[in-house]
Amino acid sequence: SGTLEQSDGRTTRIEAARGVFDQKNRTLELDGGISIDAPNNLDVRLNRALVDAANARIISDAPVAVSMPDGSVRSNAVELDQRQRKILFKEGVEARLNPRAQTPATPAAGAKTAKPATTAKPATPAAGSEPITITSARLSVSETDRTAAFDGNVRASQSGRTLEAPRLTVALAQGGRLPGLPGADSLKSTTKTDKRAGVEKIIADQGVVLTDANAEIRAERAEFDVPANRARLEGSVQVNGNGGATVSTDQATVDTKTARVVLEGNVIARQQETLMRGHQLVYEREKAQLTLASPAAPGRPEARIFARLKPQQGRNGRRRQTRRVSAGGLDFSTNPDAPIEITARSLIVTDTSRTASFTGGVQARQGDFQLIAPTLVAAYSGRLGLDGGQQLRARKAGRDVTLKTIRATGPVKITSANDVAATGQRALYDAPAEKVTLSGNVVLRQGRQIIRGETLTIDLKTGRARVENAGQ
């Protein structure tokens, strides 16, 4: 047994079953149940080690286990460089980090304390309160830089969420602890600084994959601001939902506490044959809501968003040809099997109500048939969001996201080939029935021909159209 004293006054006690000291080379070979008790309750256990006093290094090619109040590390080899103030864990590294428990708020003086309900259910652990397990090929801990760098097939997991990357760097705030680093009790820091103790930032690069039960996110780089509960992903970001929905963009910001995701850049979202494009997509998992827009940004003016929806297919599944629909001698050109393409200023998709609401100069086109209105609400079957759940079950059953109805509120304008145009206050497109109904002071025009009525009904299956007045 012996005690090592460091220049800063800290001491480390070492015990072993056997030891051979080479006075000439200033080395100490230890063997058999070695234990090292370092400052800050740092406990190290290994079977053999070489203490190189001349170079201030401790080396072991045997399995090592390090435990501390905030976690533990295991590996098959370790090197400690006291001069560089670094520890290198090698071969089969597994780190287990325990998030610090939050201190319950102290009731104010004179405040009444509520009695616990006898029928209360056990509290559910808060998100992020479970231990974090990290595996890698190597782990380098630097006391000088206050960082822990994991290299080689890094995989971090917590509460059913995983992160995979070639490299992961953990930066500690003043007072934070990892194996080999001093804690707040050995630092000359103020009380204000000590309150920031813990992990401050985590950076993963060279290709990152984030996975949970609902989605998978891929990016070139990810940076986590732990105190702010915020993650920023950059470089070819792609989100893959469990039900087949995918979103690609340039960068994304994730609130890890509320699961709110903001994707910016060239945003392209796909759900089988459904497509959406814009420059900003906000996804709020708690609301099951997705908002797509193209706001102005430095070097880019405000733009419009685009969506392509799949209509109902014919009974035999074959696409039908463009047909003409006649209404009082005025001809419309329609194709009920063509995709419906919509442009607008913004789009809000709510999966709980299965609706997609377009606002701001909405233009919907199906072949030569076009509808223009201030607002448009599309109802669909299936799920368009990035969440899994029911959407995953729907995909297994062979169901697709399919348009059911489109409701437009006025003034509404419908145009087609041959300069045919109709105006009204409301419009309803019933996709399963393949009917379009325009109502409210309907005016149908083609050149000098004008037909007025209360409603205009277009049957896309039979090719018939009818203008009606109230009471007909």
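In this text the structure is predicted, and so the values were computed from the model without any measurement. (Residues numbered from 1 in each chain as written. Predicted model: local features only at pLDDT ≥ 70, side-chain atom pairs only at ≥ 80, totals over all residues. Heavy atoms only, no water.)

Caption draft 1: View of the overall build of the protein. Summing up its helical and strand segments, the protein has 2 helices and 32 strands in all. The proportion of buried residues among the 472 residues of the protein is 40%. The long-range share in the protein, meaning contacts at least 24 apart out of those at least 6 apart in sequence, stands at 46%. As displayed, the protein has an accessible area near 25400 Å², and 47% of this comes from carbon and sulfur atoms. (Helix = DSSP H or I, 4+ residues; strand = E, 2+ residues; numbered from the N terminus. Buried < 20%, exposed > 50% of the residue type's maximum accessible area, 1.4 Å probe, protein only. Contact = heavy atoms within 4.5 Å. Areas by Shrake-Rupley, 256 points an atom, 1.4 Å probe, with all protein chains shown as cover.)

Caption draft 2: Local environment of the nonpolar core. If you look at the biggest cluster of nonpolar residues, it comprises 92 residues, and the most contacted ones within it are Phe89 and Phe358. A total of 6 residues in this core trace back to one element, the largest contributor, which is strand β27 (residues 369-381). (Core = buried A, V, L, I, M, F, W, Y, C linked by side-chain atoms within 4.5 Å.)

Caption draft 3: Structural detail: the pattern of salt bridges. Under the counting rule described, the total for this entry stands at 18 salt bridges. Its salt-bridge partner being Arg57, residue Glu79 comes within 3.3 Å of it at the nearest N-O pair. Here the residue Glu79 occupies a position in strand β9 (residues 77-81), and Arg57 occupies one in strand β6 (residues 57-60), the gap between them amounting to 22 residues. In this structure, Glu216 and Arg218 form a salt bridge, with 3.1 Å as the shortest nitrogen-oxygen distance. Taking the relative accessible area as the measure of exposure, Arg218 reaches 40% and is therefore partly exposed. One salt-bridge network, in which partners are shared between bridges, spans Asp37, Asp43 and Arg45. (Salt bridge = Lys/Arg side-chain N within 4 Å of Asp/Glu carboxyl O.)

Caption draft 4: How the structure looks around the pairing of strand β31 (residues 449-459). By the bridge criterion, 10 bridges tie strand β30 (residues 435-446) to β31 in an arrangement that is antiparallel. If you follow Lys435 over to β31, its bridge partner there is Asp459. Pairing geometry for β31 and strand β32 (residues 464-468), over 5 bridges, is antiparallel. Residue Ile458 lies in a different strand from β32, and its bridge partner there is Ala465. (Pairing = 2+ DSSP bridges.)

Caption draft 5: The environment of Leu347, seen in detail. One can find Leu347 in strand β25 (residues 346-350). Leu347 sits 30 residues away from Val377 along the chain, and the two C-alpha atoms are 9.5 Å apart.

Caption draft 6: Main features of unusual backbone geometry. Cis rather than trans, the peptide bond between Gly410 and Pro411 has omega equal to 0°. Its place among the elements puts Pro411 in strand β28 (residues 402-415). Here Arg26, not a glycine, exhibits a phi torsion of approximately 55°, which is positive. Here Arg26 shows up in the loop between β3 (18-22) and β4 (27-38). What makes Arg26 partly exposed here is its relative accessible area of 45%. Even without a glycine there, the phi angle at Arg146 is positive, about 55°. Relative to the assigned elements, Arg146 resides in the loop between β11 (132-142) and β12 (147-158).

Caption draft 7: Seen up close, the confidence of the model for the protein. Across the protein, the average pLDDT comes to 78, with 76% of residues at or above 70. Scored below 50 in pLDDT, residues 179-197 makes 43 contacts in the model with residues more than four places away or belonging to other chains. (pLDDT = per-residue confidence, 0-100.)

Caption draft 8: Quick look at the pairing of strand β29 (residues 420-430). Where β28 lies against β29, 9 bridges are found, and the strand directions are antiparallel. Note that in β29 the partner of Ile406 across the bridge is Tyr429. For β29 and β30, the ladder comprises 9 bridges, and the chain directions are antiparallel. Residue pairing for β30: Asp430 is matched across the bridge by Lys435. If you look at the hairpin formed by β29 and β30, you'll find 4 residues sitting between the two strands, and Glu434 has a positive phi there, around 55°.

Caption draft 9: Spotlight on the side chain of Gln366. Note that Gln366 resides in strand β26 (residues 355-366). Gln366 gets classed as buried once you look at its relative accessible area, which sits at 7%. Every residue in contact with Gln366, bar those within four places of it in the chain, is listed here: Pro311, Asn335, Pro336, Asp337, Ala338, Pro339, Ile340 and Tyr429.

Caption draft 10: Here's a closer look at the environment of Gly160. Tracing the backbone through its elements, the reader meets Gly160 in the loop between β12 and β13 (161-172). Residue classification places Gly160 among the exposed positions, given a relative accessible area of 63%. Placed 52 residues apart in sequence, Gly160 and Asp212 show a C-alpha to C-alpha distance of 6.1 Å. Discounting chain neighbours no more than four positions away, the residues touching Gly160 are Thr211, Asp212 and Ala213.

Caption draft 11: Molecular detail of the environment of Phe358. Tracing the sequence through the fold places Phe358 in strand β26. Phe358 gets classed as buried once you look at its relative accessible area, which sits at 1%. On a C-alpha basis, the gap between Phe358 and Ile305 in space is 9.4 Å, while along the polypeptide they are 53 residues apart. Ignoring any residue separated from it by four or fewer positions in sequence, one finds Phe358 in contact with Ile305, Ala307, Ile342, Ala344, Ser346, Leu347, Pro374, Thr375 and Leu376.

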